[in-house]
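Listed here are the chains, written in short residue letters.
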Amino acid sequence: MKKLTDFEINRKLEKLHDWDYYDDALHTDFEFDNFKDCMSAMNRIAFECEALNHHPEWTNNYNTLDIKLTTHDVDGVTKLDFKLAKAINKIVEVEE
């Protein structure tokens, strides 16, 4: 797996809503109506993570979910991070 350049990452971010790039990772956060909805989204995302064998660094506090995606094997962002970010946006139904 190849680490993407800052240029490649910024180009891909143009098509990925609600994600930022800093500290060698993709970052986003979501706010849900309540804790149950947040946990439900996390469980759906977990299935996608397992399918891709790629797992986020994430935290939740009641109804908020903070997600950080990076590929530790290359110390940066890869195409796999973008693939998972797109899947997460679909699960959470981020509007484009």
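First, a word on what this report is: a plain description of the structure on this page. (Residues numbered from 1 in each chain as written. Predicted model: local features only at pLDDT ≥ 70, side-chain atom pairs only at ≥ 80, totals over all residues. Heavy atoms only, no water.)

A closer look at the packing of aromatic side chains
All chains considered together, the criterion is met by 1 aromatic pair. Seen in terms of ring centroids, Phe30 and Phe32 are 6.4 Å apart; in terms of plane orientation they differ by 50 degrees. Their pairing is tilted. Accessibility expressed as a relative area gives 7% for Phe30, which makes it buried. Taking the ring centre of Phe82 as reference, the NZ or CZ of Lys12 above it sits at 5.8 Å. (Phe/Tyr/Trp six-rings, centres within 6.5 Å; stacked < 30°, edge-to-face > 60°. Buried < 20%, exposed > 50% of the residue type's maximum accessible area, 1.4 Å probe, protein only. Lys NZ or Arg CZ within 6 Å of the ring centre and 35° of its normal.)

Re the sheet that holds strand S4 (residues 64-69)
Across the sheet, which stays open at both edges, the 4 strands sit in the order S1-S2-S4-S3 with antiparallel pairing between neighbours. The open sheet is flanked by strand S1 (20-22) and strand S3 (57-61), the only strands paired with a single partner. Taken over all neighbouring pairs, the strand axes of this sheet differ in orientation by 20 degrees on average, direction set aside. Here S3 pairs with S4 via 5 bridges, running antiparallel. For Thr59, the partnering residue across the bridge sits in S4 and is Asp66. Contacts between helix H2 (residues 35-52) and the sheet are confined to S3 and S4, with S3 contributing the most and set at about 165 degrees to the helix. (Pairing = 2+ DSSP bridges. Helix = DSSP H or I, 4+ residues; strand = E, 2+ residues; numbered from the N terminus. Axes fitted to C-alpha atoms, helices over the stretch in contact; angles between N-to-C directions. Contact = heavy atoms within 4.5 Å.)

Re the pairing of S4
In S4, alternate side chains face the same way, and those of Leu65, Ile67 and Leu69 are buried while those of Thr64, Asp66 and Lys68 on the opposite face are not. Pairing of strand S2 (residues 25-31) with S4 involves 6 bridges; the strand directions are antiparallel. Its bridge partner being in S4, Glu31 is matched across the sheet by Thr64. Following S3, the chain reverses through 2 residues before pairing antiparallel with S4; Tyr62 in that reversal takes a positive phi of roughly 55 degrees.

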